Amino acid sequence: MSAKLERLCLRLKEVLAERISEPVLSRGELTIEVDAKHYAGVARTLRDHGDFKFEQLIDLSGIDYSAYAGWQGKRFAAVSQLTSITHNWRLRLRAIVADDELPVLPSVVDIWNSAEWYEREAFDLFGILFDGHPDLRRILTDYGFVGHPFRKDFPVSGYVEMRYDPEQKRVVYQPVTVEPREVTPRIVREENYGRG
C-alpha cells in the first residue's frame, strides 16, 4: 500500500470509526462499506471534511449480489466512485441496502448533484429507491414497464410486446405473437470446399 493510501485509510478509520467497515485495498483502489442508515452522513463527511475533500462523485451504480458465488450479505447495494481533486485520490463507497424486498437508500443529490442521473438509472434498472431524490422516475425503460431489467429475477422473455398503432396514434401493448422456434444455423461453404 502506498503511503498516501495508508494515510487516507488511517484517517477514514479515525474520523468515521464505527460508521464504516474496515477499509479494503484491492488492485490499488480503496473501498469502504457503509450501512444505509449512515450513508448520507458518511457521504457528507467525505465531501466536507478537510482531510478527505471528495468533491466529485464520478459514478454511482446499483449492484445485485443475488447470483454472486458465496455471497452471504444483503442483495442490493449502490456503489459510488469518489474523487478528491484537492488531495488527488479516489475512493469507492459501497452502501448496503437493508431490505431486499423494498431496497431504499437516502439520496446524495444534495451532496453531489451529479448523482441525480445515476440514482435514476439505479432506480430504473435495479429498483433501488432513493429517498429524497428530486425527480425519481424511469429514464431508460418505458413508463408502463413492469419490473427492473438488471434484477436477476426478471423473466428472459416477456409476456407483452408494444407497437405503434397508426389508427389509434399511440403505442399499444398486446400479447407476444412470436412463435417459439428452433434456430438451426445454415452452413455456407465455398464451392470446392474439401475437394483435393
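Engineer: Would you take a moment to explain the nonpolar core for this structure?
Structural biologist: Generally speaking, a soluble globular protein has its nonpolar side chains buried in company with each other. By size, the foremost hydrophobic cluster in this structure holds 37 residues, and its most contacted members are L12, I32, L46, L93, L105 and V108. Sorting the residues of this core by element identifies α1 (3-16), β2 (29-35), α2 (39-48), β3 (56-64), β4 (76-84), β5 (89-96) and α3 (115-126) as the ones contributing at least two each. Among the elements that take part in this core, α1 stands out by supplying five residues, more than any other. The contacts of L93, once residues within four sequence positions are left out, are I32, V34, Y39, V42, A43, L46, A78, V79, S80 and L82. Grouped together as the second largest cluster of nonpolar side chains are five residues, I63, Y65, A77 and I96 included.

Engineer: Help me understand the confidence of the model for the protein chain, please; the structure alone is not making it clear to me.
Structural biologist: When pLDDT is averaged along the protein chain, the result is 88, and 89% of the positions lie at 70 or above. Strand β6 (residues 104-106) holds the highest mean pLDDT among the elements of the protein chain, 97, whereas strand β8 (residues 160-165) holds the lowest, 82.

Engineer: Sorry, what's going on with the pattern of salt bridges here?
Structural biologist: It is possible for side chains of opposite charge to pair when their charged atoms get near one another. With the rule as written, the count across this model stands at 12 salt bridges. For R92, the salt bridge goes to E29, with nearest N and O atoms at 2.3 Å. Here E29 lies in strand β2 and R92 lies in strand β5, a separation of 63 residues in the sequence. Overall, R92 belongs to the buried group, its relative accessible area being 19%. For R44, the salt bridge is made with D110, and the minimal N-O distance between the two is 2.9 Å. In this pair, R44 is assigned in helix α2 and D110 in the loop between β6 and α3, connecting sequence segments 66 residues apart. Residue R44 is classed as partly exposed on the basis of its relative accessible area, which comes to 33%.

Engineer: Explain the pairing of β5 here, please?
Structural biologist: Every other side chain in a regular strand lies on the same face of the sheet, so the side chains alternate between the two faces. β5 sits mainly inside the fold: seven of its eight residues count as buried. Bridge count between β2 and β5: five bridges; the pairing is parallel. Bridge pairing in β5 links I32 to L93. Taken together, the eight bridges between β4 and β5 define a ladder with antiparallel strand orientation. From the neighbouring strand, Q81 faces β5, where its bridge partner is R92.

Quick notes on the rules
Residues numbered from 1 in each chain as written. Predicted model: local features only at pLDDT ≥ 70, side-chain atom pairs only at ≥ 80, totals over all residues. Heavy atoms only, no water. Core = buried A, V, L, I, M, F, W, Y, C linked by side-chain atoms within 4.5 Å. Buried < 20%, exposed > 50% of the residue type's maximum accessible area, 1.4 Å probe, protein only. Helix = DSSP H or I, 4+ residues; strand = E, 2+ residues; numbered from the N terminus. Contact = heavy atoms within 4.5 Å. pLDDT = per-residue confidence, 0-100. Salt bridge = Lys/Arg side-chain N within 4 Å of Asp/Glu carboxyl O. Pairing = 2+ DSSP bridges.

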